[in-house]
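This is what each chain is made of:
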Amino acid sequence: MTIRNLEYAVFPRSVAVVGASGCVGSVGRVVFGNIVGGGFEGEIWPVNPKHSQVAGHRCWAKVADLPGIPDLAVIVTPPETVPGIVRELAEKGAQAAVVITAGLNHENGLRQAMLDAAKPSLMRIIGPNTVGLMVPPAKLNASFAHMAAEPGNIALISQSGAIATSLIDWAAENNVGFSRIISLGDMADVDVGDCLDMLAGDFHTRAIVMYLETIPNPRKFMSAARAAARLKPVIAIKPGRHEQAAKAAATHTGALSGVDRVVDAALRRAGVLRVKDLAELLDAAETIARYSPLERARVGIVTNGGGAGVLAVDKLVDRGGELAVPAPSTIERLNRFLPPTWSHANPIDIVGDAAPERYGAALEALAADSGTDVILVMNCPTGLGSSPDAARKVAELGDEGEIGGKPLLACWLGEHTAREGRRILTEAGIASFETPEDAAIAAFYLGEWSRAQRALLRTPSGQREGVVDGKATAQPIFRQVASEGRRMLTEPEAKSAIAAYGIQVPRTIVAHSAAEVSQAASQLLETSERVVVKLLSRTVSHKSDVGGVVLDIATAEEAEEAAKSIETRLGSQVPGTEADGYSVQSMVARKHAQELLLGMNLDPMFGPVILFGAGGTAVEVLNDTAIALPPLDDVLAGDLIDATRIGRLLAGYRDRKPADRAAIIAALNGLSQMIVDFPCLVSLDINPLLADGEGVIALDARIEIDPRRVDEPAPNPALAIRPYPAGWSRDFLSDGMSFHTRPIMPADVQLYPAFLAKISLDDLRLRFLSPRRNFPDQMLKRLTQLDYDRDIAFVALETGTGALAAIGRLSCDPDHRTGEYALLVRSDLQGHGLGWALLKQIIDYASAERIGRIESIILNENSKMLTMCRELGFSIAHHPSEPGLSVATLEVR
């Protein structure tokens, strides 16, 4: 993962067009004409041995002849020439190229030859097979698009050139501008993750929109998306929600599109807002980029036409949005200003003759209502009121798109009459929509985006360094299965493995004959009223399909007969197959328990995924499941439960008490930890998992492994999200005091207030390079919820009390070339070596992660920090632009 040299593509001072031409109908002519016609103010150099001039510009025969080094090259030559041209550009010193040419693929070897030519100089390639690149603020249109885009603050990343040009066309008609437009083409080098990393830090870009057909490097994408989404809205449309569309997308891109539900879970986990169609993509970006995340998004509607309000409510509820319920005091307030015929409910229909003052009274009432979070104001043209005058009143009350600190959206219906009202609203900074449905969808997306942001910045309810450690117990089971050349575990083996991770299972005895079944049943019936006899087979995994399960057995004799009947049915239904034995279990009878499914499988794009939902034999018919990416924590596990219909039943209803939610969450966390621990897991089903007020118990389990991978080390490298970096805990003794250091956890946010209260203002100034006392809640959450692929923070805790004593932090660039570190030690604990211990741990971590160098910016007066750095081998230099600062740098070996 790297954004190295991409700045030359988006901030070029010179552009060479290799293949530029004056021939009518040629791509070279269109691309060169777009660059010249767009008004690019840097050097423009056409390269083509067939021409001496192109469009009035001197044309050079070959790259080596150019009068300077081009920051960006655009290549529009036949595919077989591209690798050689890339090599020439690399030798010239060019750092970035857009390869518009198609036809470079794996089969003809040209794609790899192109990459090999670029690699020695780290030259970056956008494409091949791309429409091109646009940077409207720099007046650069290096594409063969039919028109240029207007400057703006939305960046577009598209895996389809046709979609990119269509959005440019649509945006022009709707006065939407762009900061960057990157058509990725075949993504031989630069991909979505690279672009997200670059755009996250781009001050020209306020929001990022993406058209995705595939995600080639999921962990890279997730890391980049999460980093970008923490800074600005990221909105995506990804086709392939249905099987036929997914196949079409795969045909288009030549890559897997991924199971749609998994893609949905991944985007949600990354904080990316997913929209359904192109018409919503830029609307959503324009809307949510205006506002901060909301705790809730209850929508209050003011309208002079009841029908328009009903249409908006329908669309809002269809999408899963929430309609506000005004407080009684708000209703009383509205009664004083509105005519008796008003709706007395939300939507607030202020009647067709509404004057601007009536609009104002209704809006101010909703702005003061504690149960309303988003306000949608609508106008239908009538002969009794002026639409422009109503718009002027709304604009007067609106403050940069808000009223009373709440988002304000508008919908002026119609066209001829509404046009002036929309202009007034837009100029006032109020998001304006043409139809009630569009406005309702925008309000819904405000809520969805806010939920996505909360998912990035949440605090789990409990602090844990890990769930039950079952690896030592489960690994010998997997090794034994692998040694026998098997992929499928038997049911007793599978239950033993999940039990190692804290998931309760019934007492089970393995019997190898009908006679042993009788003995086992006698033993179990001493403590159980009934037993179950199940087929034990290394080849038959779905026992019920062959009559391999007999329930509700009351005596040892019945158990023996059950085993014999299972053997008979097996012989008739699967001839030649013999039972390996029988599993005899205590029968679990929980009258009011819900049957759940916990599962895991491998997605072709995102790797291991967790499935939760309604279980039992009708699981496919019920089709009530939700998907999440591991690793999970308590909050993510709770979100997974709440995403299902059965999640509502688990909360209790009628005569059924609530199920033990904590036990279900613990089972999900146990499954998650098993996935982290074992790269060999291929699939897993726990079905049913009974859940009631007494807890959970797994009645059946199936596990498939890859025998070749049973000894691969943890954590699982296939995870799309890097798990908590276990193994980095240390104990530290100094001056009779004991401390425990470990990587930071989200729940550590609870330790910050007491920690900060014991740090002097001067120590805070030395750490943050300026005076600081206020630490907003959102900032503290960002400091404790890290993407471990890029960042690490080590906390030092006082042994015994668990109080936070010190923090050491390292934040890396995407390609791990450089990491910036910082230390903060509690003022009352300085002088005990905590800073030394944490900085040494940071250096060790940087070495293990192959980070090139670590550095820190330090106030010149911070002599203690500078001394420590020198003694640990850092070089100290004056900051190049700030005289009061020094830069400490350590090349990590």
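Given the structure is predicted, the values throughout are model-derived calculations rather than measurements.

Engineer: How would you explain the overall build of the protein if you had to name every residue and give the values?
Structural biologist: In terms of helices and strands, the protein carries 29 helices and 39 strands. The principal-axis extents of the C-alpha atoms in the protein amount to approximately 100 × 80 × 70 Å. Per-residue burial over the protein gives 55% buried out of 893 residues. Restricting to contacts in the protein with at least 6 residues of sequence separation, those with at least 24 account for 71%. Of the accessible surface of the protein, which amounts to about 37200 Å², a share of 51% is contributed by carbon and sulfur atoms.

Engineer: Quick rundown of the sheet that holds strand E25 (residues 581-586)? Include the residues and the values.
Structural biologist: The antiparallel open sheet is built from four strands, whose spatial order is E22-E25-E23-E24. Each end of this open sheet is capped by a strand with a single partner; those strands are strand E22 (508-511) and strand E24 (549-553). Shown here is a sheet whose adjacent strand axes are inclined to one another by a mean of 20°, direction ignored. Seen against the sheet, helix H19 (residues 514-524) touches E22, strand E23 (531-536) and E25 and runs at an angle of roughly 10° to E25.

Engineer: Could you give an account of the packing of aromatic side chains, naming the residues involved and the relevant values?
Structural biologist: Scanning the model with the defined rule gives eleven aromatic pairs in all. On the basis of an interplanar angle of 45° and a centroid distance of 5.4 Å, the ring pair of Phe444 and Tyr445 is categorised as tilted. Classification of Tyr445 as buried rests on a relative accessible area of 2%. Between Phe794 and Tyr845, the ring centres sit 5.8 Å apart and the planes meet at 80°, which makes this aromatic pair edge-to-face. Pair noted here: Phe794 is in strand E34 (residues 791-798) and Tyr845 is in helix H28 (residues 834-848), with a separation of 51 residues, a long-range link. Here the aromatic cluster, defined as three or more aromatic residues joined through ring pairs, consists of Trp728, Phe794 and Tyr845. Taking the ring centre of Phe768 as reference, the NZ or CZ of Arg767 above it sits at 4.4 Å.

Engineer: Would you mind going over empty space enclosed by the protein in detail, with residue names and values included?
Structural biologist: Inspection of the entire model under this criterion finds five cavities of 30 Å³ or more. Forming the boundary of the largest cavity are 14 residues, of which Tyr752, Arg767, Ile807, Arg809 and Leu824 lie nearest the centre. Tallied by class, residues from the lining of the largest cavity come to eleven nonpolar, one polar and two charged. When its volume is computed, the second largest cavity comes out at roughly 100 Å³. As for the second largest cavity, its lining consists of 13 residues, and the residues nearest its centre are Leu489, Thr490, Glu491, Ser537 and Val540. Grouping the constituent residues of the lining of the second largest cavity by class yields six nonpolar, three polar and four charged.

Engineer: Can you lay out the pattern of salt bridges for me, pointing to particular residues and giving the numbers?
Structural biologist: Within the structure shown, the criterion is met by 48 salt bridges. Between Glu491 and Lys495 there is a salt bridge, with its nearest N and O atoms 2.7 Å apart. One end of the pair is Glu491 and the other is Lys495, both in helix H18 (residues 491-499) and four residues apart, which spans about a single turn. The class for Glu491 is buried, based on a relative accessible area of 5%.

Engineer: Describe the pairing of strand E13 (residues 234-237), naming the residues involved and giving the relevant values.
Structural biologist: Of the two faces of E13, the one carrying Val234 and Ala236 and the one carrying Ile235 and Ile237 are both buried. Alignment of strand E12 (residues 207-211) against E13, held across four bridges, turns out to be parallel. Bridge pairing in E13 places Met210 opposite Ala236. With respect to chirality, the unit in which E12 leads through helix H7 (residues 218-229) into the neighbouring parallel E13 is right-handed. Looking at chain direction, E13 and strand E14 (residues 273-274) are connected through two bridges and run parallel. In the strand pairing of E14, Ala236 is matched with Arg274.

Engineer: Can you lay out the sheet that holds strand E11 (residues 178-183) for me, pointing to particular residues and giving the numbers?
Structural biologist: As summarised here, the arrangement of the seven strands in space is E9-E8-E11-E10-E12-E13-E14, forming an open sheet in which the pairing is mixed. Unpaired on one side and paired on the other, strand E9 (140-143) and E14 mark the two borders of the sheet.

Engineer: I'd love a proper account of the environment of Asp314, names of residues and values included.
Structural biologist: Among the secondary structure elements, Asp314 is positioned in helix H11 (residues 306-319). Judged by its relative accessible area of 46%, Asp314 falls in the partly exposed class. Sequence separation between Asp314 and Val795 is 481 residues; the distance between their C-alpha atoms is 50 Å.

Engineer: Please set out helix H17 (residues 471-483) residue by residue, giving values where relevant.
Structural biologist: With 13 residues, H17 should cover 18 Å at 1.5 Å per step; its first-to-last C-alpha distance of 18 Å lies within 8% of that length. If you check which residues of H17 are buried, you get Ala474, Gln475, Ile477, Phe478, Val481 and Ala482. Along H17, the residues classed as buried sweep out an arc of 165° about the axis, all on the same side. Exposed and oriented more than 90 degrees from the buried face of H17 are Ala472 and Ser483. The secondary structure elements touched by the buried residues of H17 are H18, strand E29 (681-692) and strand E31 (701-705). Backbone geometry just downstream of H17 places Gly485 in the positive-phi region, at approximately 75°.

Engineer: Could you give an account of the confidence of the model for the protein, naming the residues involved and the relevant values?
Structural biologist: Scored by pLDDT, the protein has a mean of 90; 96% of the residues are at 70 or more. Contacts of residues 249-258 to residues separated by more than four positions or lying in other chains number 21 contacts, the stretch itself having pLDDT below 50. In this model, residues 461-466 is a region of pLDDT below 50 whose contacts with residues beyond four sequence positions or in other chains number 16 contacts.

Engineer: Please give an account of the packing of helix H3 (residues 82-92) against helix H4 (residues 110-118) that cites residues and values.
Structural biologist: Where H3 contacts H4, the axes come no closer than 8 Å and their chain directions differ by 5°. Between H3 and H4, the crossing angle belongs to the class labelled roughly parallel. Of the residues in H4, those touching H3 at Val82, Pro83, Val86, Arg87 and Ala90 are Leu110, Ala113, Met114, Ala117 and Ala118. Among the residues forming the contact of H3 with H4, the class breakdown is nine nonpolar, no polar and one charged.

Engineer: How would you summarise the side chain of Thr303 if you had to cite specific residues and measurements?
Structural biologist: With respect to the helices and strands, the residue Thr303 is situated in strand E15 (residues 298-303). Look past the residues within four positions of Thr303 in its chain and what remains in contact with it is Ala308, Gly309, Pro347, Ile348, Asp349, Ile350, Val351 and Met378.

Engineer: How would you explain the pairing of strand E27 (residues 607-614) if you had to name every residue and give the values?
Structural biologist: Counting buried positions along E27 gives seven out of eight residues, so the element sits mostly inside the fold. Pairing analysis gives four bridges linking E27 to strand E28 (residues 625-628), with the strands arranged antiparallel. By the bridge assignment, Leu611 is partnered in E28 with Ile627.

Engineer: How would you summarise H18 if you had to cite specific residues and measurements?
Structural biologist: Of all nine residues in H18, seven are buried; the element is thus mostly enclosed. What H18 keeps buried is the set Glu491, Pro492, Glu493, Ala494, Lys495, Ala497 and Ile498.

Engineer: How would you explain the nonpolar core if you had to name every residue and give the values?
Structural biologist: Core analysis: the biggest nonpolar cluster contains 63 residues, and Ile35, Leu196, Met210, Phe221, Met222, Phe606 and Leu629 have the highest contact counts within it. Leaving out residues up to four positions away in the same chain, Leu629 has contacts with Met222, Val262, Ala266, Arg269, Phe606, Pro608, Val609, Ala720 and Ile721. Counting 54 residues, the second-largest nonpolar core is a separate cluster that includes Ile154, Val209, Ala431 and Ala440.

Engineer: Explain the side chain of Asp369 to me, using residue names and the numbers behind them.
Structural biologist: Structurally, Asp369 can be placed in the loop between helix H13 (356-367) and strand E18 (374-379). Polar side-chain contacts of Asp369 include one of 3.2 Å to the backbone nitrogen of Gly371. Contact partners of Asp369, with chain neighbours within four places excluded, come to Val325, Pro326, Ala327, Thr330 and Lys406.

Cut-off values and rules
- Residues numbered from 1 in each chain as written.
- Predicted model: local features only at pLDDT ≥ 70, side-chain atom pairs only at ≥ 80, totals over all residues.
- Heavy atoms only, no water.
- Helix = DSSP H or I, 4+ residues; strand = E, 2+ residues; numbered from the N terminus.
- Buried < 20%, exposed > 50% of the residue type's maximum accessible area, 1.4 Å probe, protein only.
- Contact = heavy atoms within 4.5 Å.
- Areas by Shrake-Rupley, 256 points an atom, 1.4 Å probe, with all protein chains shown as cover.
- Pairing = 2+ DSSP bridges.
- Axes fitted to C-alpha atoms, helices over the stretch in contact; angles between N-to-C directions.
- Phe/Tyr/Trp six-rings, centres within 6.5 Å; stacked < 30°, edge-to-face > 60°.
- Lys NZ or Arg CZ within 6 Å of the ring centre and 35° of its normal.
- 1 Å grid on protein atoms, 1.4 Å probe; cavity = no way out; pocket = protein on both sides within 12 Å on 5 of 7 lines; lining within 4 Å.
- Points joined across faces, edges and corners; volume = space filled by probe spheres on them.
- Nonpolar A, V, L, I, M, F, W, Y, C, P; charged D, E, K, R; others polar.
- Salt bridge = Lys/Arg side-chain N within 4 Å of Asp/Glu carboxyl O.
- Right-handed = clockwise from strand over helix to strand, strands pointing away.
- Expected span 1.5 Å × (residues − 1).
- Arc of directions from axis to C-beta.
- pLDDT = per-residue confidence, 0-100.
- Parallel < 35°, antiparallel > 145°, perpendicular 65-115°, else oblique.
- Core = buried A, V, L, I, M, F, W, Y, C linked by side-chain atoms within 4.5 Å.
- Polar contact = N/O pair within 3.5 Å; in protein donor to acceptor, adjacent residues only side chain to side chain.

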